[in-house]
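Listed below are the residues making up each chain.
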Amino acid sequence: MKNILLIVSLLIAPLVLAGFIMIGLMAVDYQKNSTGTDTTNVDTQTPSTPTTDGTTDAPNTATIYVNIVSHNEDTLSPSQGYDFYADPAEFQEQRDATATFAAMLAENGAKYDFQTDWNFLLGVEKHDREDELTNNKNLLRYLVEDLGMSVDPHSHEHLGYNYADVAYLISKLGVTPSGVVGGFIAGPAEQSKLENYWNGAITGSKYPSYSWTPRMLWGGGTGLHIDESSLWISGVWRPQDAEHFDTHDADAPIPVIGHYSSTWEGLDDLLAKQANGELEDGKMYTVTIMNRQDSYDDAYIAEFEEKLKTYADETAAGKIIWVTIPETLTIWQTQYNETPTILHWEGDSAAIKNPSTSGSGLGATGQCGDGICSLFERKQATCSEDC
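Only a predicted model underlies this, so the values are computations on that prediction, with no experimental measurement involved.

Parameters and conventions
Residues numbered from 1 in each chain as written. Predicted model: local features only at pLDDT ≥ 70, side-chain atom pairs only at ≥ 80, totals over all residues. Heavy atoms only, no water. Helix = DSSP H or I, 4+ residues; strand = E, 2+ residues; numbered from the N terminus. Buried < 20%, exposed > 50% of the residue type's maximum accessible area, 1.4 Å probe, protein only. Contact = heavy atoms within 4.5 Å. Areas by Shrake-Rupley, 256 points an atom, 1.4 Å probe, with all protein chains shown as cover. Phe/Tyr/Trp six-rings, centres within 6.5 Å; stacked < 30°, edge-to-face > 60°. Axes fitted to C-alpha atoms, helices over the stretch in contact; angles between N-to-C directions. Parallel < 35°, antiparallel > 145°, perpendicular 65-115°, else oblique. Nonpolar A, V, L, I, M, F, W, Y, C, P; charged D, E, K, R; others polar.

### Details of the overall build of the chain
Part 1 of the reasoning: A count of helices and strands for the chain gives eleven helices and 15 strands.
Part 2 of the reasoning: Looking at the chain as a whole, 49% of its 387 residues are labelled buried.
Part 3 of the reasoning: Nonlocal contacts in the chain, meaning residues at least 24 apart in sequence, comprise 75% of its contacts between residues at least 6 apart.
Part 4 of the reasoning: When the accessible surface of the chain is totalled, it reaches about 17900 Å², and 53% of it is carbon and sulfur.

Right, here's the structure in full:
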């Protein structure tokens, strides 16, 4: 009997040993793939070279990073002054349209920054039905948790609401607000609010027990977007001060993500420069495609999707990468080691309509005259020819 047990033990021992070796190899492999790093965009990031200190050198091509952004406004906006709190039907229409637009972007591999002012957030709190369209969640949670998008504070600081108040309302709805200042006055210098965001945490005005710390600025412009093309910049940098907005200072406290012309024309301009060798390798170029939330109807969403698909080849080749604004900052810090890029728009600014005021991120002329009475045209009475 003892001899039989000895023989069995000798036969089993190698199998047990092999099993332990296999488990060990699997553990090593798991550890290699469990670094805590966000790998969401690994396949779409441009090649970079590891350095001896564990960081990476800047990508070795001139890559264009595209942010898709939308705004809603407070009740004092001259063209978008909806009261989402008082008008549940208007809230529901724009809420559902935004969810549909964002889902379309996700299906096409694009990212989205939903930038919201305080009134729409009060509408979410009061009227959001958390239905099947948004996976039984409110709109904000659906955008972040299900689609991987970013929810950024946007504030004109009217009626007692500042940026911290907007961030508080976002957090109250179950979402951590990003650190993006979603639009600010950058010029002229004497009117600039740049340095308002230099001192760390901002305390709420409506909600003084809450504070929020901005980590990056986006959307620098002028009041009512008048004569602001000198602020249309591609790249990421740390502005020296209000007088020297387009001068990088490595010791300045907060970076700016440039939005360029905020249109498809801006993306096409950068792609042309890229093809002609006019963009510098190892530099990070940025452009925003800006949208008005009240433009989202079926025709707009379908046209936007078709436009996205025209950039499939450039996306597959890594020439352009679709990212949120917070992702842009992380890439600048980790892959570009905060190397500044400041490229001014040199095109015909008169031919570019700002989507924040004109209502269309699909081109300079919008959709008036196409025979379709769009949501924007109907509500704002901008095109009697179609409506």
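Moving on from the coordinates now.
### What about the packing of aromatic side chains?
Part 1 of the reasoning: One pass over the structure, following the stated rule, counts 24 aromatic pairs.
Part 2 of the reasoning: Ring geometry for phenylalanine 101 and tyrosine 112: centres 5.5 Å apart, planes at 75°, overall edge-to-face. Within this pair, whereas phenylalanine 101 is found in helix H2 (residues 88-107), its partner tyrosine 112 is found in the loop between H2 and strand S2 (113-116), the two being separated by eleven residues in sequence.
Part 3 of the reasoning: When its relative accessible area of 0% is taken as the criterion, phenylalanine 101 is described as buried.

### Topic: the side chain of threonine 324
Part 1 of the reasoning: Among the structural elements, threonine 324 can be located in the loop between strand S14 (320-322) and helix H9 (325-334).
Part 2 of the reasoning: Other than its neighbours up to four places away in sequence, threonine 324 contacts Asn67, Lys111, Tyr112, Asp113, Gly148, Met149 and Ser150.

### Topic: the packing of H2 against helix H4 (residues 139-146)
Part 1 of the reasoning: Look at H2 against H4: their axes get within 10 Å of each other, and the N-to-C directions meet at 5°. Between H2 and H4, the angle falls in the class roughly parallel. On H4, the residues that touch Arg95, Thr98, Ala99, Ala102 and Ala103 of H2 are Leu139, Tyr142 and Leu143.
Part 2 of the reasoning: The residue inventory of the contact of H2 with H4, partitioned by class, reads six nonpolar, one polar and one charged.

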